[in-house]
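# Report on the structure
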Amino acid sequence: MVLNRLPINQEQWNPKNFDILLIILGIILPFILVTFLDSYSRYDVGVFEDWASCWGQEIYLECPTTLVYPSGALIFSAGVIQGIKSLLSINDRHTVASVFRYFLAFFDSLNFLLWIYLAKMIHLRLAIVFAFIVLIIPSSWAGSSVWGQIEGISLFFCLASTIFFLKSWTKKQTNSHNKKAWKSGVWLLLGTPLLSIFILTKQWNIFSLPFFLLVFVVTVVQFWTNFGYRCIFWVLSALILLTLSFLYLDSFFLVVREFHHSSYWLIWTGPASNLIKKIAGNGFNIWIFLGRPRGSSSLVPFLTFNIGNWKSSLTPFKTGLFLYSMFIIFLLFTFYRNVLRVLQQNIMNKNLYQLNDYLIAILLFFHGLCHLGFNVLLSGTHERYLYLGYPSLLMAVIWFYTNKIVFSWHSTLLCFLAAFAYGCFVYSRIGNLPKFLILLQKHEFLGGIHFLLLGFLFYLWLQVCKNYKKTLHISPNLD
């Protein structure tokens, strides 16, 4: 309809040309942003350079600057910067930072291509267009290469491992009569070391583990449906490979015995774990509405109960953990109650593509809620912690909306506006926003928006789960 209104020769116009143009723009856009937006976090990049000066197997033991990232993150931050200095003979800090940000922009470009691939896996109409829309929203670029942080690398390994796991059971030839289980098994094995790298890239990637747990459960069910007892070999092999790759990378650098020689255990239990004991870092959550300074302790009670000799206190730290745990448990329960039974009823061969697309979309929705929930409910959240959640959330929302499932254009637009507001908030930490967006710099405003968004999306999650029969055109008597 739009093309008909433009002065374009319809006979000579090829829609593929538009797709190619968008792909090219999407690949070069991260490099353009890094080039023209020089307001990066000099503090974060400077810390990476300080770590690089301590580079070596004993970096955790010798570096005077506190290391707050696990081993994988050190490799992609301090290790890369040390490589830039050594290979290119660069010592100027600003030049090193510029080259490092271009390195990060490369991963942002790869993520754009992975979004396209994932959108095509779920047969999303206009997959390239929607992937480009997700790319240009500030929530997708403000906290990665523009900031000078490795969030884009985390997202790359998250998307890559997810795609490999999904491909192990979404391929057309995977059915109960297929003797070549090794084809699906290879995809499964390829995803496991990537998952290990993802976990060890940033410690808060742990909040993606409920998502990967669901992906693993769905994968096991699908493997059992397709290959029977033959799936045991591939599932056990994947678990062994995941364990070995994690242990190898986790112990890549020397760590004192007190922390079991584990960089991951060190980060979660050592001095670097102090952030979660604060109300909030430079981010937002429901606890900032207590009116306390964001840097104050989250271990101080905000409510105390006295009944006779019994006394109990509620702190933001413990209450946040309880609320988030209950939130995730309820999401998992509703997923099992209303979605996983579809697989148990063995209707896969009847609605193969439809079921696969629906499962992937709802898994992405779940991943987005995991990250949104911990940002809103837990104490100690920082400004870039939602970076991993929004791409999955927006991709799922687009799929549900285009397939006319629960989401209206109003609710879809609301999600995109929240993502835009969040991206502007992140960028405001390192650069200047236009005056008419000044409200988006306020922690309380963003906290209120995302608290309401979490409640609204939780309601829509319940509707999506309840409508699985209608979505997949399943007969009501299947239960």
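Computed from a predicted model, the values in this text were never measured in an experiment.

### Overview of the overall build of the protein
Helix and strand content of the protein: 18 helices and 2 strands. Here the protein, with 479 residues, has 54% of them falling under the buried criterion. Taking as baseline every contact in the protein between residues at least 6 positions apart, the subset at least 24 positions apart corresponds to 73%. For the protein, the accessible area works out to roughly 21,800 Å², and carbon and sulfur atoms hold 66% of it.

### A word on the pattern of salt bridges
Going through the model one piece at a time under the given rule, you end up with 8 salt bridges. With its nearest N and O atoms 3.5 Å apart, the salt bridge here joins Arg-42 to Asp-38. Among the salt bridges present, the one from Arg-384 reaches Glu-383, with a minimum N-O distance of 3.1 Å. Neither residue differs from the other here; Arg-384 and Glu-383 are each classed as buried. Each of the salt bridges in this network shares a partner with another, and the network as a whole consists of Asp-44, Glu-151, Lys-202, Glu-383 and Arg-384.

### Thoughts on the packing of helix H6 (residues 93-121) against helix H7 (residues 127-136)
Relative to each other, H6 and H7 sit at 140°, their axes nearing to 9 Å. Accordingly, the angle class assigned to the pair H6 and H7 is oblique. As for how H6 packs across H7, the hand of that crossing is right-handed. Across from Phe-112, Trp-115, Ile-116, Ala-119 and Lys-120 in H6, the residues of H7 making contact are Ala-127, Ile-128, Ala-131, Phe-132, Val-134 and Leu-135. Tallied by class, the residues present in the contact of H6 with H7 amount to 10 nonpolar, no polar and 1 charged.

### Remarks on the packing of helix H3 (residues 42-52) against helix H5 (residues 71-88)
The interhelical angle for the contact between H3 and H5, taken along N-to-C directions, is 75°, at an axis separation of 8 Å. The pairing of H3 with H5 is recorded here as roughly perpendicular in orientation. Residue-level contacts link Val-45, Phe-48, Glu-49, Trp-51 and Ala-52 of H3 to Leu-74, Ser-77, Ala-78, Ile-81, Gln-82 and Lys-85 of H5. Class assignment for the residues of the contact of H3 with H5 results in 7 nonpolar, 2 polar and 2 charged.

### What to know about the packing of aromatic side chains
Applying the stated criterion to the full structure yields 43 aromatic pairs. On the numbers, 5.4 Å between centres and 85° between planes, the contact of Trp-51 with Tyr-69 is edge-to-face. Of this pair, Trp-51 sits in helix H3 while Tyr-69 is found in the loop between helix H4 (59-62) and H5, placing the two residues 18 residues apart along the sequence. Of the residues examined, Trp-51 reaches a relative accessible area of 1% and is grouped as buried.

### Comments concerning unusual backbone geometry
Backbone geometry places His-123, a non-glycine residue, at a positive phi of 55°. Here His-123 shows up in the loop between H6 and H7. We note that Lys-404 has phi near 55°; this positive angle belongs to a residue other than glycine. Structurally, the position occupied by Lys-404 is in the loop between helix H15 (389-402) and helix H16 (409-428).

### Considering a nonpolar patch on the surface
The grouping of Phe-18, Ile-20, Leu-21, Ile-24, Leu-25, Ile-27, Ile-28, Ile-32, Phe-36 and Leu-113 at the surface amounts to a nonpolar patch, some 870 Å² of accessible area in total. Looking at which element gives the most residues to the nonpolar patch, the answer is helix H2 (residues 15-36), with 9 residues. Mapped onto the fold, Leu-21 is located in helix H2. When its relative accessible area of 45% is taken as the criterion, Leu-21 is described as partly exposed.

### Quick word on the confidence of the model for the protein
Across the protein, the average pLDDT comes to 88, with 89% of residues at 70 or higher. Between residues 173-178, whose pLDDT stays under 50, and residues either more than four places distant or in other chains, the model counts 13 contacts. Within the model, pLDDT remains below 50 along residues 474-479, and this stretch shows 11 contacts once partners closer than five positions in the same chain are excluded.

### Focus: H2
At 3.6 residues per turn, the α-helix brings residues three or four places apart onto the same side. Relative to the 32 Å expected for 22 residues at 1.5 Å per residue, H2 spans 30 Å between its end C-alpha atoms, a close match to the ideal helical length. Of all the bends in H2, the greatest reaches close to 35° and is centred on Ile-28; the proline Pro-30 follows between one and four positions later. Listed as buried for H2 are Leu-22, Gly-26, Leu-29, Pro-30, Leu-33 and Val-34. Where H2 is buried, its residues contact H6 and H7.

### A word on H6
Here H6 is 29 residues long and its end C-alpha atoms lie 42 Å apart, about the 42 Å a rise of 1.5 Å per residue gives. Two residues or fewer past H6, His-123 is found with a positive phi of approximately 55°.

### Describing the environment of Trp-268
Within the secondary structure, Trp-268 sits in helix H12 (residues 263-269). Linking Trp-268 and Gln-203, residues 65 residues apart in sequence, is a C-alpha distance of 7.5 Å.

### Digging into the environment of Leu-355
Along the chain, Leu-355 turns up in helix H14 (residues 352-377). Residues Leu-355 and Thr-170 lie 185 residues apart in sequence; the distance between their C-alpha atoms is 9.7 Å.

How each quantity is defined
Residues numbered from 1 in each chain as written. Predicted model: local features only at pLDDT ≥ 70, side-chain atom pairs only at ≥ 80, totals over all residues. Heavy atoms only, no water. Helix = DSSP H or I, 4+ residues; strand = E, 2+ residues; numbered from the N terminus. Buried < 20%, exposed > 50% of the residue type's maximum accessible area, 1.4 Å probe, protein only. Contact = heavy atoms within 4.5 Å. Areas by Shrake-Rupley, 256 points an atom, 1.4 Å probe, with all protein chains shown as cover. Salt bridge = Lys/Arg side-chain N within 4 Å of Asp/Glu carboxyl O. Axes fitted to C-alpha atoms, helices over the stretch in contact; angles between N-to-C directions. Parallel < 35°, antiparallel > 145°, perpendicular 65-115°, else oblique. Left-handed = near helix turned anticlockwise from the far one by under 90°. Nonpolar A, V, L, I, M, F, W, Y, C, P; charged D, E, K, R; others polar. Phe/Tyr/Trp six-rings, centres within 6.5 Å; stacked < 30°, edge-to-face > 60°. Patch = residues over 30% accessible without salt bridge, like charges linked within 9 Å, V, L, I, M, F, W, Y side chains within 5 Å. pLDDT = per-residue confidence, 0-100. Expected span 1.5 Å × (residues − 1). Bend = angle between axes of the 7 residues up to and from the residue.

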